[in-house]
Protein chains: 2
Amino acid sequence: QRTIKSPTGNELSCKSWLTEAPMRMLMNNLHPDVAENPHELVVYGGIGRAARTWEDYDQIVASLQALEDDETLLVQSGKPVGVFRTHSNAPRVLIANSNLVPHWATWDHFNELDKKGLAMYGQMTAGSWIYIGSQGIVQGTYETFVEAGRQHFDGSLTGRWILTAGLGGMGGAQPLAAVMAGACCLAVECDETRADFRLRTRYVDAKTHDLDEALAMIEEWTGKGEAKSVALIGNAADVYPELVRRGVRPDIVTDQTSAHDPIHGYLPQNWTVAEWKGKQETDPKAVEKAARASMKTHVAAMVDFWNAGVPTLDYGNNIRQVALEEGLENAFAFPGFVPAYIRPLFCRGVGPFRWAALSGDPEDIYKTDAKVKEILADDKHLHNWLDMARERIAFQGLPARICWVGLGVRDKLGLAFNEMVRNGELSAPIVIGRDHLDSGSVASPNRETESMRDGSDAVSDWPLLNALLNTASGATWVSLHHGGGVGMGFSQHSGMVICCDGTKEADERIARVLWNDPATGVMRHADAGYPDALDCARENGLNLPGIL
Amino acid sequence: QRTIKSPTGNELSCKSWLTEAPMRMLMNNLHPDVAENPHELVVYGGIGRAARTWEDYDQIVASLQALEDDETLLVQSGKPVGVFRTHSNAPRVLIANSNLVPHWATWDHFNELDKKGLAMYGQMTAGSWIYIGSQGIVQGTYETFVEAGRQHFDGSLTGRWILTAGLGGMGGAQPLAAVMAGACCLAVECDETRADFRLRTRYVDAKTHDLDEALAMIEEWTGKGEAKSVALIGNAADVYPELVRRGVRPDIVTDQTSAHDPIHGYLPQNWTVAEWKGKQETDPKAVEKAARASMKTHVAAMVDFWNAGVPTLDYGNNIRQVALEEGLENAFAFPGFVPAYIRPLFCRGVGPFRWAALSGDPEDIYKTDAKVKEILADDKHLHNWLDMARERIAFQGLPARICWVGLGVRDKLGLAFNEMVRNGELSAPIVIGRDHLDSGSVASPNRETESMRDGSDAVSDWPLLNALLNTASGATWVSLHHGGGVGMGFSQHSGMVICCDGTKEADERIARVLWNDPATGVMRHADAGYPDALDCARENGLNLPGIL
Ligand SMILES: NC(=O)c1ccc[n+]([C@@H]2O[C@H](COP(=O)([O-])OP(=O)(O)OC[C@H]3O[C@@H](n4cnc5c(N)ncnc54)[C@H](O)[C@@H]3O)[C@@H](O)[C@H]2O)c1
Ligand SMILES: NC(=O)c1ccc[n+]([C@@H]2O[C@H](COP(=O)([O-])OP(=O)(O)OC[C@H]3O[C@@H](n4cnc5c(N)ncnc54)[C@H](O)[C@@H]3O)[C@@H](O)[C@H]2O)c1
């Protein structure tokens, strides 16, 4: 069993920072503090992997170490398949993961290919090497909860509590984000080891096996106006309906089990975790059937909460779709989180912008935090986020930071960071990337593009154009994935990462990529007719021939 | 009603040849001698369009005319949506057409979007502006028929005849290709105007409304050993079963109706063409139902021929899939043309390489023909093709040539053409492109990737990587399409075109793009385990880390 940790410091093991960067970030994705199951190369989100096999991992690393400044490595579903001559402003790595011709784009066909060693599930940032641990989702979740507080509770979540489930790679961010937003949180998690991991990293405050005890804690904390969280070991498909039966009324209800993957992601009712893991190998069809039935029960309870007037949201795991397919006709009664809370941000190209310090030195991130505050001197909300993040979020692997910012800000920050690398303020280069869940990079009708104003939810030209443009603009690596958080058949999305190596050439690439990338999001939403996006496009002088 | 013709000569209407080239090729796709239905922007293959609307067309042209050397235009399903700053070695145009998230990738959903003005069907080379009229498919069809002759008739098709249907944009090449390969051809076409168009351009030799007359001609010609062709006005779904009933035995059976599009592509039995066109607007569901039933009858007759020992092949229109869905269980009894005849070529990166003279001057093409013969002095088969093509193929729109060549040849030819532009041998720049139906650019399990050795038919990472790499290598325009010849849900594919403007910078881009592009095809087939591809990769020194 191998343990992978990225090198730190400013000595190169590759021929340049543009190849060192993807190598370190690949390794960082598999760091034991970052990945959910590093021994099987699983980073997060069910079976989201960083490389197809250990042999492929080794060959990717070796290829990156040998790669020249005018070469590009192609990675096909986690396998390095070719090195080609390109040029210095081309990406060093191009990645395509889990893409299937639509008619065959099902879990059944994917699993068949996976068994033959012909596939890999890339999730979003797992196979594209820009996962930075749970912090990555904390701000998104925080922004969502804060926005829900604005819409439903006059801007204050004090004395309120959120019911959710799933404390995995992404879902584990929920109790912390809730607390940061001022709310209490009860998170149901079936796998005790996951809850323990969140306790250790201070993402959750308490743990219990007993529903009564959990509710008592919530009652005490909300009564006192304290923001605290508890993990309840149990099955969400049992707990949610039980709460409905008891007439317990949370203030917000959501869920982040890995429902997008009915075999590996969701524990069926009345199964032990051990049985579940075993049967995933020996009888996956039985797991799938039982899991899907439980999801229906789970969603039915969520619909009950919704009908009782509790703000309820799908948190991007496609659980409503499964329930619908299982016959729950009103499964889509409650909305997804994007149309409910995130779309206004997307209209301005605002999304989960992030960066990591290749030095491994937390000071480098603190210095960038200070720089962000300096550049965005008036953004109180962002200052607050940065302060809380520093106080509450333990770094995992390479130190990293996430800030939801948009068009016109991203390129400024990137250029400032590159300047800090150049003048030695930072001890090594920085990489800048984002989640695939971003404004211009994803087509996902049950999540990011749910209920688009013009009905273009399923049009996936947009993420493809985004990837092509990022390639043409000189991102350091670019990826195109299918599946991701909502599972096979339900989304296509693209990623990009750019390395600030301190050079003047990097300035030019950064200026292009970090402008163009969020601009494609503004463009996509402007094309759909959102007035905010049209305004943003005009204010920023975008040239959108068929749109403006 | 507008008539579009590309400017010719060597004066620019755009700011450089790199933008003039896509503008002229877009216009050329809509030239009245090139496009099947230019007034509706339809180039070929049912509803394959070059731009979404006339307004979009005008805006694309205006954008190209204004585009700078460091800008890139994005086209989304035939609509120009953005102009972004890139750099001189980036593509000038990036195109994504008809892409849909897999779960929604159906004709029903596409048509709904199309009706709302949110979609465009790009086919393969229609929406990517490198259709060159029927010549484009003549050599592919010729190579297929020749290979069938090799496999089944000891290398000679003299005295043999081919039964086929469909004389549209692509299918119209069949009688000519058959004749070039030495065979006779009976082509059933329901729309007399289509047959007349082929008569005018000398692609077919005779026309009749009477089956007996057609068979008499075939009998006479095959008896004399003459290679000639006849168009029979009729419905293939009537004629094929009738031939089976009569016990008539063609030597090869195929079909190229637009079966991939059940509403616009296939005339139902017992309908007139006028009824069909009308109902496409007023009752598309009824058309679809009737067309699908007729296709089943049509395929059933093809299976009968196959069972009687007649070499029978699907020619890439997905008609077997429809028949299967309609309940014809043995619809896939006979193979597609790729696994049967084309795959060995794909293993060496050989595919439908093509170029066009932006000057509009046929002499430019004749000079390139001579250059090809000079460079490939020993390739008798290719010399023969070039001679026949010059003799028999009337240019449509801008003069163009197609040659199936592969890795190691394409870049040589490209560099030679660029040199000829530079030294004034040619009167204006040349563009070089290819069909999306090529070795590394398509995932299409019922056609190009049918029955792959390792079962990876549906993996579409490959065309996505191909598009990303062509973008990174500096092709002049790059496209990613869904659908195409086999219809919604059944394929994903990519295109590229590069302009030889005579500059030294173009030399570098040409050397990269025309090497890398076919190399991805060799890579894809090597990964699937084809010994020919593995040999070709080794011989050419490809660096394929996880494969070799
Ligand atoms: N909203 C977003 O921005 C976003 C982003 C990424 C991922 N996602 C989606 O969120 C989901 C969770 O992602 P993740 O990375 O945390 O996945 P994960 O697989 O790491 O964690 C899922 C957790 O749910 C637990 N679980 C499974 N079944 C359960 C049940 N019946 N009751 C209680 N707990 C159960 C598992 O034990 C596991 O800890 C995925 O579907 C993912 O695709 C959403
Ligand atoms: N094999 C290849 O390399 C390749 C390449 C491109 C396209 N294709 C596929 O081949 C098909 C034909 O392409 P195209 O560009 O010629 O399309 P097209 O639409 O221009 O032509 C189709 C022709 O078939 C005729 N037709 C329709 N129904 C008929 C019937 N029942 N009986 C007789 N004739 C009938 C139509 O009148 C039309 O002329 C398409 O499905 C296309 O996707 C194959």
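No experiment lies behind these values; they were computed from the predicted model shown.

Asker: Tell me about the overall build of chain A, and name the residues and values.
Answerer: Across its full length, chain A holds 18 helices and 16 strands. What you see for chain A is a C-alpha radius of gyration of 22 Å, in line with the 24 Å of a compact globule of 548 residues. The principal-axis extents of the C-alpha atoms in chain A amount to approximately 65 × 55 × 45 Å. Taking all 548 residues of chain A together, the buried fraction comes to 68%. Across chain A, contacts joining residues at least 24 apart in sequence account for 70% of those joining residues at least 6 apart. Within the structure as shown, chain A displays about 16,600 Å² of accessible surface, and the carbon and sulfur contribution to it stands at 47%. Here chain A carries 51 positive and 71 negative side-chain charges, and the mean point of each set is 1 Å from the other.

Asker: Help me get a handle on the site of ligand 1, residues and values and all.
Answerer: Residues and elements named next belong to chain A. The immediate surroundings of ligand 1 are formed by 34 residues, with Glu189, Ser258, His260, Tyr315 and Gly485 found nearest. A distance of 3.0 Å separates an oxygen atom of ligand 1 from a polar atom in the backbone of Gly169. Taken by itself ligand 1 offers 860 Å² of open surface, and the protein chains cover 98% of this. Within the shell around ligand 1, the residues separate by chemical class into 13 nonpolar, 17 polar and 4 charged.

Asker: Outline the relation of the copies chain B and chain A, listing residues and values.
Answerer: With an RMSD of 0.0 Å, chain B superimposes on chain A once it is rotated by 180 degrees and translated 0.0 Å along the axis. In short, the pair behaves as if placed about a two-fold rotation axis. Closest approach to the rotation axis within chain B is made by the C-alpha atom of Pro102 of chain B, at a distance of 2.0 Å. The share of interface residues of chain B whose copies in chain A are also at the interface is 100%, consistent with both copies meeting through the same surface.

Asker: An account of the nonpolar core is requested, with residue identities and associated values reported.
Answerer: Core analysis: the largest hydrophobic core is formed by 302 residues, its most contacted members being Trp129 and Trp385 of chain A together with Trp129 and Trp385 of chain B. Leave out the neighbours within four places in its chain, and Trp129 of chain B touches Pro22, Met25, Leu26, Asn29, Ala50, Ile60, Val75, Val93, Ile95 and Trp477 of chain B.

Asker: Report on the packing of helix H16 (residues 461-473) of chain B against helix H17 (residues 504-527) of chain B, specifying residues and quantitative values.
Answerer: Residue and element names in this part refer to chain B. Contact pair H16 / H17: the axes reach a minimum separation of 9 Å and the direction vectors enclose 165 degrees. By the angle between their axes, H16 is roughly antiparallel relative to H17. The way H16 lies across H17 gives a crossing that is right-handed. On H17, the residues touching Trp462, Asn466, Leu469, Asn470 and Ser473 of H16 are Arg509, Arg512, Val513, Asn516, Asp517, Thr520, Met523, Arg524 and Asp527. Taken together, the residues that form the contact of H16 with H17 break down as 4 nonpolar, 5 polar and 5 charged.

Asker: Just give me the short version of the site of ligand 2, but keep the residues and values in it.
Answerer: Residue and element names in this part refer to chain B. Taken together, 34 residues lie around ligand 2, and Glu189, Ser258, His260, Tyr315 and Gly485 are the ones closest in. The side chain of Ser258 places a nitrogen or oxygen atom 2.7 Å from an oxygen atom of ligand 2. One of the side-chain nitrogen or oxygen atoms of Arg447 is found 3.4 Å away from a nitrogen atom of ligand 2. Coverage of ligand 2 by the protein chains reaches 98% of its 850 Å² of free accessible surface.

Asker: Give me the lowdown on the packing of aromatic side chains, citing residues and values where you can.
Answerer: The description of an aromatic ring pair rests on the distance of the ring centres and on the angle between the ring planes. Residue and element names in this part refer to chain A. Tallying each qualifying case throughout the model produces 24 aromatic pairs over all chains. Plain terms: the ring middles of Trp107 and Tyr121 are 4.9 Å apart, the flat faces sit at 50 degrees to each other, and that makes the pair tilted. With Trp107 in helix H3 (residues 107-115) and Tyr121 in the loop between H3 and helix H4 (135-152), the pair connects residues that are 14 residues apart, well separated along the chain. The buried category is assigned to Tyr121, whose relative accessible area is 0%. Between Phe346 and Trp404, the aromatic rings sit 6.4 Å apart at their centres with planes inclined by 5 degrees, giving stacked as the arrangement.

Asker: Quick one: what's the story with the interface of chain B and chain A, residue by residue and with numbers?
Answerer: Counting residues at the interface gives 75 residues for chain B and 75 residues for chain A. Of the roughly 6,000 Å² buried where chain B meets chain A, counting both sides, 67% is carbon and sulfur surface. Joining chain B to chain A, the criterion identifies 2 salt bridges. Its salt-bridge partner being Lys79 of chain B, residue Asp527 of chain A comes within 2.7 Å of it at the nearest N-O pair. Summed over the shared surface of chain B and chain A, the result is 28 residue pairs in polar contact (both at pLDDT 80 or more). In terms of residue count, H16 of chain B provides more of the side of chain B that touches chain A than any other element does, 10 residues in total. A per-class count over the side of chain B that touches chain A returns 38 nonpolar, 29 polar and 8 charged.

Asker: Explain the domain arrangement of chain A residue by residue, including any values.
Answerer: Residues and elements named next belong to chain A. Considered domain by domain, chain A is made up of domain 1 (17-115), domain 2 (135-335) and domain 3 (345-539). On a C-alpha basis, the centres of domain 1 and domain 3 stand 20 Å from each other. Listed by partner, the interface residues are 27 residues for domain 1 and 26 residues for domain 3. Of all residues in domain 1, the largest losses of buried area upon contact with domain 3 belong to Trp17, Leu18 and Asn89, amounting jointly to 23% of the total for that side. Inspection of the domain 1/domain 3 interface yields 0 salt bridges. Our count for the contact surface shared by domain 1 and domain 3 stands at 16 residue pairs in polar contact (both at pLDDT 80 or more). Taken together, the residues of the side of domain 1 that touches domain 3 break down into 16 nonpolar, 8 polar and 3 charged.

The rules behind the values
- Residues numbered from 1 in each chain as written.
- Chains lettered and ligands numbered in written order.
- Predicted model: local features only at pLDDT ≥ 70, side-chain atom pairs only at ≥ 80, totals over all residues.
- Heavy atoms only, no water.
- Helix = DSSP H or I, 4+ residues; strand = E, 2+ residues; numbered from the N terminus.
- Rg over C-alpha atoms; globule rule 2.2 N^0.38 Å.
- Buried < 20%, exposed > 50% of the residue type's maximum accessible area, 1.4 Å probe, protein only.
- Contact = heavy atoms within 4.5 Å.
- Areas by Shrake-Rupley, 256 points an atom, 1.4 Å probe, with all protein chains shown as cover.
- Lys, Arg positive; Asp, Glu negative; His and termini not counted.
- Charge placed at Lys NZ, Arg CZ, Asp CG, Glu CD.
- Near = heavy atom within 4 Å.
- Polar contact = N/O pair within 3.5 Å; in protein donor to acceptor, adjacent residues only side chain to side chain.
- Nonpolar A, V, L, I, M, F, W, Y, C, P; charged D, E, K, R; others polar.
- Least-squares fit on C-alpha atoms with pLDDT ≥ 70 in both.
- Core = buried A, V, L, I, M, F, W, Y, C linked by side-chain atoms within 4.5 Å.
- Axes fitted to C-alpha atoms, helices over the stretch in contact; angles between N-to-C directions.
- Parallel < 35°, antiparallel > 145°, perpendicular 65-115°, else oblique.
- Left-handed = near helix turned anticlockwise from the far one by under 90°.
- Phe/Tyr/Trp six-rings, centres within 6.5 Å; stacked < 30°, edge-to-face > 60°.
- Buried area = accessible area lost by both parts, 1.4 Å probe.
- Salt bridge = Lys/Arg side-chain N within 4 Å of Asp/Glu carboxyl O.
- Domains from an automatic or database assignment.

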